[in-house]
Amino acid sequence: QVQLVESGGGLVQAGGSLRLSCAVSGGTVSSYALGWFRQAPGKEREFVAAVSWTGANTYYADSVKGRFSISRDNAKNTLYLQMNSLKPEDTAVYYCAANTLRVGSPRPHDYDYWGQGTQVTVSS
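The notes below deal with the structure included here. (Residues numbered from 1 in each chain as written. Predicted model: local features only at pLDDT ≥ 70, side-chain atom pairs only at ≥ 80, totals over all residues. Heavy atoms only, no water.)

### Digging into the nonpolar core
Quick note on the threshold: We define the nonpolar core as a collection of buried residues of types Ala, Val, Leu, Ile, Met, Phe, Trp, Tyr and Cys that are connected through side-chain atoms lying within 4.5 Å of one another. Here's how the labels work: a residue is buried when its accessible area is under 20% of the maximum for its type, exposed when over 50%, partly exposed in between, all with a 1.4 Å probe on protein chains only. Under the scheme used here, helices are H or I runs from DSSP no shorter than 4 residues and strands are E runs no shorter than 2 residues, and both carry numbers assigned from the N terminus.
One finds Trp36, Val48, Phe68, Leu79, Leu81, Met83 and Tyr94 to be the most contacted residues of the largest nonpolar core, which totals 34 residues. Sorting the residues of this core by element identifies strand 3 (18-25), strand 4 (33-39), strand 5 (46-51), strand 7 (68-73), strand 8 (78-83), strand 9 (92-99) and strand 11 (118-123) as the ones contributing at least two each.

So, in structure tokens, the structure goes:
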């Protein structure tokens, strides 16, 4: 059973940066395609970024392309999301997720395992 635990969220001013981490345990970490999603109050959960098993391939939502960077360190069992040039509209709870079949999928229902989320708040 895979367990995912996010950290690194917080309050930041617009234009600032944050780095989220997701500790992955259980199973063989390199067997899972990993992704980040976010959910703002009153909105549906939306895709942010995803990375393939080795980290060679990355995928981004248009809204974060050029500002966010996803990476993984399989030796440390950790997924990262570097967020730069943050905007107030990036405010949301950020979740990491894992699946074994669909690399780069933007659909939440394709992911089998989820973390508990970490709050990111960007002030204007």
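Text resumes after the structure shown.
### So, the state of the cysteines
As used in these notes, a disulfide is a covalent bond between sulfur atoms, one from each of two cysteines. Just so we agree on the cut-off: Criterion for a disulfide: a pair of cysteine sulfur atoms at a distance within 2.5 Å.
For the coordinates displayed, the defined rule picks out one disulfide. What pairs with Cys22 in a disulfide is Cys96, and their sulfur atoms sit 2.0 Å apart. Negative torsions about the S-S bond denote left-handed disulfides, and the value of about 55 degrees found for Cys22 with Cys96 makes this one right-handed. With Cys22 in strand 3 and Cys96 in strand 9, this residue pair connects regions lying 74 residues apart in the sequence. Just as Cys22 is buried, Cys96 falls in that class too.

### Overview of the packing of aromatic side chains
What counts is decided by this rule: Stacked, edge-to-face and tilted labels apply to pairs of Phe, Tyr and Trp rings (six-membered ring for Trp) whose centres lie within 6.5 Å, assigned for plane angles under 30 degrees, over 60, and everything in between, in that order. Charge-over-ring placement is defined geometrically: NZ (Lys) or CZ (Arg) within 6 Å of the ring centre, and within 35 degrees of the ring normal.
For the structure shown, the criterion picks out six aromatic pairs. The side chain of Arg45 reaches across the aromatic face of Trp114, ending 4.7 Å from its centre.

### Let's talk about the pattern of salt bridges
What counts is decided by this rule: Salt bridge, as used here, is a side-chain nitrogen of Lys or Arg placed within 4 Å of a carboxyl oxygen of Asp or Glu.
Scanning the entire structure with this criterion turns up six salt bridges. Lys65 serves as the salt-bridge partner of Asp62, at 3.2 Å between the closest nitrogen and oxygen. As a salt-bridge pair, Arg107 and Asp110 come within 2.9 Å of each other at their nearest N and O atoms. A residue is classified by how much of its surface remains accessible, and Arg107, at 39% relative accessible area, is partly exposed. If you follow the salt bridges from partner to partner, you end up with Arg38, Glu46, Arg67 and Asp90 in one network.

### Details of the environment of Gly16
Spelled out, the test is: In what follows, a contact means two residues having at least one pair of non-hydrogen atoms within 4.5 Å.
With respect to the helices and strands, Gly16 occurs in the loop between strand 2 (10-13) and strand 3. Residue class for Gly16 comes out buried when judged on its relative accessible area of 19%. Measuring from C-alpha to C-alpha, the distance between Gly16 and Ala92 comes to 15 Å, with 76 residues separating the pair along the chain. If near-sequence neighbours (up to four positions away) are discounted, Gly16 is found in contact with Met83, Asn84, Ser85 and Leu86.

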